Amino acid sequence: PSFEVKAPPAPVPVTKKSAKSANEGTAPSPVEGKQPLRVFIVEHNATSREILERQCRDAGVQVASAPDSVAALKTLSSSRDAFDVILFDMQMPESDGPRLARDIRSLRSTTLEPRLVALSSVGYALDMLTLRELHISAWLRKPVRRKDLRQCLEGGPMSAPMQQVAAAGSNQNGSFAHQTACVCL
């Protein structure tokens, strides 16, 4: 007996061009010679950080990371290359997400502003007004699903549950309920 194995098609790398065209409502396409998206991850949990790094690399994204806000700010302030997206945990032992977002914005005030994406586990209330004040582009619920990360990096259209949460803005307490895995603001 013989059998045939079919591999799924290789994922299209997320590039600056594909992320831009996704924001414009067209499907991203691989473009020869285009620079891949550069993502910086700030996550204190080593396992979560490694998973996010692998998911980003699998999407064709260049990735760097830091285990805490101190290391992140040191890297971001000394890096010659700007990052396009910064994924950061909202709850870390030495600094919370809003504080880190403010610190990142103060470092990058004279250069191209990276998209900030908050990472949050169930139980952390995200205040819509605070997210907007901090210019946070989106949040992803942990554990982060591969398709949600990719959609977020591409800046693509929101799924129906995300649209419902974004349209509602927040619950009566001003925070997002964790019914959805990703919210693009």
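Note: the structure precedes this text.
One structure accompanies this document, and this report is about it. On a predicted model such as this, the values are computed, not experimentally measured, just so you know. (Residues numbered from 1 in each chain as written. Predicted model: local features only at pLDDT ≥ 70, side-chain atom pairs only at ≥ 80, totals over all residues. Heavy atoms only, no water.)

## Digging into the nonpolar core
For soluble globular proteins, the rule of thumb is that nonpolar side chains tend to be buried together.
So, point 1. Among the nonpolar cores identified, the biggest contains 19 residues, and Phe40, Val42, Ile86, Phe88, Leu116 and Ile136 are the most heavily contacted of them.
So, point 2. If you list the elements that add at least two residues to this core, you get strand 1 (38-42), helix 3 (69-78), strand 3 (85-89), helix 4 (97-107), strand 4 (115-120) and strand 5 (136-141).
So, point 3. A per-element tally of this core places helix 4 first, with three residues.
So, point 4. In this structure, Leu37, Leu119, Val144 and Leu149 belong to the second largest nonpolar core, which totals 18 residues. (Core = buried A, V, L, I, M, F, W, Y, C linked by side-chain atoms within 4.5 Å. Buried < 20%, exposed > 50% of the residue type's maximum accessible area, 1.4 Å probe, protein only. Helix = DSSP H or I, 4+ residues; strand = E, 2+ residues; numbered from the N terminus.)

## Some details on the pairing of strand 2 (residues 62-66)
So, point 1. Note that strand 1 and strand 2 share five bridges and pair parallel. Opposite valine 42, over in strand 2, you have alanine 66 as the bridge partner.
So, point 2. Once you follow strand 1 into helix 2 (residues 46-58) and on to strand 2, the crossover reads as right-handed. (Pairing = 2+ DSSP bridges. Right-handed = clockwise from strand over helix to strand, strands pointing away.)

## Regarding the packing of aromatic side chains
So, point 1. Within this structure, the stated rule accounts for one aromatic pair.
So, point 2. Ring plane angle 50° and centroid distance 5.0 Å describe the contact between phenylalanine 40 and phenylalanine 83, whose orientation is recorded as tilted. Note that phenylalanine 40 is positioned in strand 1 and phenylalanine 83 in the loop between helix 3 and strand 3, a separation of 43 residues in sequence.
So, point 3. For phenylalanine 40, a relative accessible area of 0% corresponds to the buried category.
So, point 4. We classify phenylalanine 83 as buried; its relative accessible area is 6%.
So, point 5. The ring of phenylalanine 83 is capped by arginine 38, whose NZ or CZ atom sits 4.5 Å from the centre of that ring. (Phe/Tyr/Trp six-rings, centres within 6.5 Å; stacked < 30°, edge-to-face > 60°. Lys NZ or Arg CZ within 6 Å of the ring centre and 35° of its normal.)

## Focus: the packing of helix 3 against helix 4
So, point 1. Running from amino to carboxyl end, helix 3 crosses helix 4 at an angle of 15°, the nearest separation of the two axes being 10 Å. By the criterion of interaxial angle, the relationship of helix 3 to helix 4 is roughly parallel. Classified by chirality, the crossing of helix 4 by helix 3 is right-handed. Counting all contacts with helix 3, which are made through Ser69, Leu73, Leu76 and Ser77, the residues of helix 4 involved are Leu100, Asp103, Ile104 and Leu107.
So, point 2. Of the residues assigned to the contact of helix 3 with helix 4, the class counts are five nonpolar, two polar and one charged. (Axes fitted to C-alpha atoms, helices over the stretch in contact; angles between N-to-C directions. Parallel < 35°, antiparallel > 145°, perpendicular 65-115°, else oblique. Left-handed = near helix turned anticlockwise from the far one by under 90°. Contact = heavy atoms within 4.5 Å. Nonpolar A, V, L, I, M, F, W, Y, C, P; charged D, E, K, R; others polar.)

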